[in-house]
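Below are the chains, spelled out letter by letter.
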Amino acid sequence: MSIIKVDNLTFSYGYAYQKIFDKCSFVIDTDWKLGFIGRNGKGKTTFLKLLMGEYQYQGHIISSVPFDYFPYEVADKNNTVENIVSQIAPFCEQWQFVKELYALQLEEDILNRTFATLSSGEQTKVLLALLFVNQNKFHLIDEPTNHLDLQTRKVVAQYLKAKKGFVLVSHDRAFLDSCVDHILSLNRHTIEVQKCNYTSWKANFDNRQQHEQQQNDTLQKDIKQLQQAIKRTRQWADIIEASKIGQGAGDRGYIGHQSARMMQRAKATESRQRRAIEQKQALLKDVENTESLKLHPLRYVAKRLARLENVTVRYGTKTICNPVTFDVTNGDRIALCGTNGSGKSSIIKLLLGRDIDYGGTVSLSNNVVVSYVPQDTSFLQGSLFDFARQNGVDLTLFLTILRKLDFEREQFDKDMSQYSLGQKKKVLIANSLSQQAHLYIWDEPLNYIDIYSRVQIEQLLLQYPSTMMFVEHDSQFVNNIATKIVNVNKRSH
């Protein structure tokens, strides 16, 4: 057991930008299972890269152990897993790597496959196994759950629960709760460490904010009363000072003394007011005011918007899923659930009219307006304003939603290719929320989205009765939002 000490850490990406970290200090134990949370674009990945020594900074990061970062870069994805292991972990014995594979419910024969042929879940598991065979290091794990199905997330969570000595960046609340014992929270103006899981941290954070809000309200009243007292005292002092005119020398001396006392009281009251203001400024620095979003869905004239009957998806000659049958009716919020590669995204694309080989019947009712959030964000580049114009959405509404999703105004003028993955996903969600539609189809909308925005989107969908079909592997989101679950089962061959 040893510690990692961060002392007066200060970092920014340039003089024109706000500091990402400003004189931050805290200590991490290398035996901890540390969940790292915070808003999109606020510096979580930056902090991991600072630990890796990739950026220059002010202050000190002191550690007796080296760091290792997930995900590893795989230069040649057509290489076999066995060769990749020998390149990244040359001192690892094969039995050690196979032991990690078994813990992640992978078979040894995966060593002979090329990395490119692995599913996203298999790739994540292989890279995690590689991370933990590199022993005597403190592991920095950056968002491992994106694109992982629910079952794979459970397997990875159990795997990490049996480990120690890592920082885990994740926005999946249930995942964090199942595998961490400390939380490192990157707040608006501070960084803090607590011994707890995510749920306990959130309760503590909310209680503290409530307590500080009560203190703030009390201090606001005190400041108002002090301001009124200063005003009254000054008025009295002025009246007494004016009464000296025309009086005798003795009277003027007495009145002058009274006037001086009045002014002294005014200065003392002002001093108390300054202290009250300083106390107030120390409060609510990290408050998260998530503004309510709005949605204006269209209601379709008929009850049923779409029907899928005995639908199977085919890739070449291979049928990948068992037949699926369900209706989409007004007010449904349908979650398509299943393992990676079972055909969930393909079923979504069938409803969008994409050219995909399938069996069965897919019918979308006449004149149904669909709003779509794709899984992929890599196509986003260029101007945010051009994007809004191309998609025919109201620019003011679009930008307002982005601001409510914690987009800072200076982000608006950047090329979208410079956005973080979470920020790109917010652009796609804001675009969909700006559209009036009968049916909202979202494919893994929460990938890379921070916890605060996830809760914000949940509250929106619960408040406004919309019709929706979505694929999402955040179990808490599915449990809170879905009115119907459709299981898409991979076909066994």
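Residues numbered from 1 in each chain as written. Predicted model: local features only at pLDDT ≥ 70, side-chain atom pairs only at ≥ 80, totals over all residues. Heavy atoms only, no water.

1. Digging into the overall build of the protein
As a reminder, the rule being used: A helix here means a DSSP run of H or I that spans at least four residues, while a strand means a run of E at least two residues long, and both kinds are numbered starting from the N terminus. For every residue, the accessible area obtained with a 1.4 Å probe (protein chains only) is divided by the maximum for its type, and the residue is called buried under 20%, exposed over 50%, and partly exposed between those limits. Residue burial considers only the protein chains on display, and all accessible areas are found by Shrake-Rupley using a 1.4 Å probe.
Secondary structure assignment for the protein yields 14 helices and 18 strands. For the protein, the residues scored as buried account for 49% of the 493 residues in total. Just so you have it, the protein exposes about 24,500 Å², and 46% of that area is on carbon and sulfur atoms.

2. With respect to empty space enclosed by the protein
The cut-off we apply is this: Definitions used throughout: a 1 Å grid over protein atoms alone; a cavity as a set of points that fits a 1.4 Å probe which cannot get out; a pocket as an open set with protein on both sides within 12 Å along at least five of seven lines; a lining residue as one with an atom within 4 Å of a point. Grid points are joined across faces, edges and corners, and a volume is the space filled by probe spheres set on the points. The nonpolar class holds Ala, Val, Leu, Ile, Met, Phe, Trp, Tyr, Cys and Pro. Asp, Glu, Lys and Arg form the charged class, and all remaining residues, Gly among them, are polar.
Evaluation of the coordinates by the stated rule reveals two cavities of 30 Å³ or more. Reported here for the largest cavity is a volume of approximately 70 Å³. Of the residues that constitute the lining of the largest cavity, the class distribution is three nonpolar, five polar and five charged. Considering only enclosed or pocket space, the second largest cavity measures out at about 60 Å³ in volume. Residue lining of the second largest cavity: Ile37, Gly38, Ser185, Leu186, Asn187, Tyr198, Trp201, Lys202, Ile451 and Tyr452, and that is the complete set. Within the residue set of the lining of the second largest cavity, elements represented by two or more residues are strand 3 (33–38), strand 8 (182–186), helix 7 (198–242) and helix 13 (451–463).

3. Notes on helix 2 (residues 81–88)
The line we're drawing: Taken from the helix axis, the directions to the C-beta atoms give the arc we talk about. Only heavy atoms matter for contacts: two residues are in contact if any of them lie within 4.5 Å across the pair.
For helix 2, every residue scored as buried is listed here: Val81, Ile84 and Val85. When helix 2 is viewed along its axis, its buried side chains cluster within an angular range of 100° and face the same direction. Here the buried face of helix 2 lies against helix 3 (94–103) and helix 4 (120–133).

4. Considering the pattern of salt bridges
Operational definition: By definition, a salt bridge exists where a carboxyl oxygen of Asp or Glu is found within 4 Å of a side-chain nitrogen of Lys or Arg.
One pass over the full model with this rule turns up 20 salt bridges. In this structure, the salt-bridge partner of Arg208 is Glu192, at a minimum N-O distance of 2.7 Å. In this pair, Arg208 is assigned in helix 7 and Glu192 in strand 9 (residues 191–194), connecting sequence segments 16 residues apart. Connected via shared salt-bridge partners are Arg39, Lys42, Asp406, Glu408, Lys426 and Asp450.

5. Focus on the pairing of strand 5 (residues 67–70)
The condition that has to hold: Between any two strands, pairing holds if DSSP finds at least two bridges.
Both faces of strand 5 are covered, namely the face carrying Phe67 and Tyr69 and the face carrying Asp68 and Phe70. Bridge count for strand 5 against strand 6 (residues 138–142) is four bridges, and the pairing is parallel. From the neighbouring strand, Phe67 faces strand 6, where its bridge partner is Phe138.

6. Looking at the sheet that holds strand 3
In plain terms, the rule: Angles run from 0 to 180 degrees between N-to-C directions of axes, and those axes are lines fitted to C-alpha atoms, restricted for helices to the stretch in contact.
Pairing in this open sheet of six strands is mixed, and the strands run 5-6-7-3-8-9 from one edge to the other. The outermost strands of the open sheet, each flanked by one partner alone, are strand 5 and strand 9. For this sheet the average axis-to-axis angle between neighbouring strands, irrespective of direction, equals 20°. Pairing of strand 8 with strand 9, which is carried by four bridges, proceeds in the antiparallel orientation. Paired with Leu186 across the two strands is Ile191, which belongs to strand 9.

7. Topic: the layout of surface pockets
Here the second largest pocket defines a volume of roughly 340 Å³. Looking at the second largest pocket, it is lined by 16 residues, and the ones nearest its centre are Asn136, Lys137, His139, Lys164 and Gly165. Among the residues forming the lining of the second largest pocket, the class breakdown is four nonpolar, seven polar and five charged.

8. Focus: the environment of His139
Inspection of the secondary structure assignment puts His139 in strand 6. Its relative accessible area of 4% is what places His139 among the buried residues. Once residues lying within four places of it in the same chain are set aside, the contact partners of His139 are Asp68, Leu131, Phe132, Asn134, Gly165, Phe166 and Val167.

9. Some words on the pairing of strand 17 (residues 468–471)
Every regular strand shows the same layout, with side chains that alternate between the two sheet faces. The side-chain alternation of strand 17 yields two buried faces, one formed by Met468 and Phe470 and the other by Met469 and Val471. Relative to strand 17, strand 13 (residues 333–337) runs parallel, the two sharing three bridges. Each bridged residue has a counterpart across the sheet, and for Ile334 the counterpart in strand 17 is Met469. Taken together, the four bridges between strand 16 (residues 439–443) and strand 17 define a ladder with parallel strand orientation.

10. A short note on helix 11 (residues 395–404)
Note the following rule: The term polar contact refers here to a pair of N or O atoms within 3.5 Å; inside protein, the definition further demands a hydrogen-donor-capable atom paired with an acceptor-capable atom, and it admits residues adjacent in sequence only when both atoms are side-chain atoms.
Phe398, Leu399, Ile401 and Leu402 are the residues of helix 11 that are buried. Viewed along the axis of helix 11, the buried residues span an arc of 155°, placing them on a single side of the element. Residues of helix 11 that are buried in the fold lie against helix 10 (384–390) and helix 12 (421–433). For helix 11, the N-terminal capping position is held by Asp394, with its side-chain oxygen 3.2 Å away from the main-chain nitrogen of Thr396. Within two residues after helix 11, Asp406 carries a phi angle of roughly 75°, on the positive side.

11. Quick notes on the environment of Leu186
Relative to the elements of secondary structure, Leu186 occurs in strand 8. As a C-alpha pair, Leu186 and Lys44 span 142 residues in sequence and 7.3 Å in three-dimensional space. Beyond its immediate stretch of four places on either side in the chain, Leu186 contacts Phe21, Phe36, Ile37, Gly38, Arg39, Lys42, Gly43, Lys44 and Ile191.

12. Notes on the packing of helix 4 against helix 5 (residues 150–161)
Packed helices, taken two at a time, are described by the angle their axes make and the gap between the axes. To keep it simple, the criterion reads: Roughly parallel means an angle under 35 degrees; roughly antiparallel means over 145; roughly perpendicular covers 65 to 115; every other angle is labelled oblique.
At a minimum axis separation of 11 Å, helix 4 and helix 5 run at an interaxial angle of 5°. The angle between the axes of helix 4 and helix 5 places the two elements in the roughly parallel class. Packed against helix 4, whose contacting residues are Gly121, Lys125, Leu128, Ala129 and Phe132, the element helix 5 presents Thr152, Val155, Val156, Tyr159 and Leu160 at the interface. Looking at the contact of helix 4 with helix 5, its residues break down into seven nonpolar, two polar and one charged.

13. A few points about the sheet that holds strand 13
Spatially, five strands are ordered 15-16-17-13-18 in an open sheet, and the strand pairing comes out parallel. The open sheet has two edge strands, strand 15 (370–373) and strand 18 (484–487), and neither has a second partner. Strand-to-strand, the axes of this sheet are offset by a mean angle of 15°, without reference to chain direction. Where strand 15 meets strand 16, four bridges bridge the pair, whose relative direction is parallel. Its bridge partner being in strand 16, Val370 is matched across the sheet by Leu439. Contacting strand 13, strand 15, strand 16 and strand 17, helix 9 (residues 344–351) runs over the sheet at an angle of about 150° to strand 16.

Honestly, that's just the spatial picture; any functional story needs more than this.
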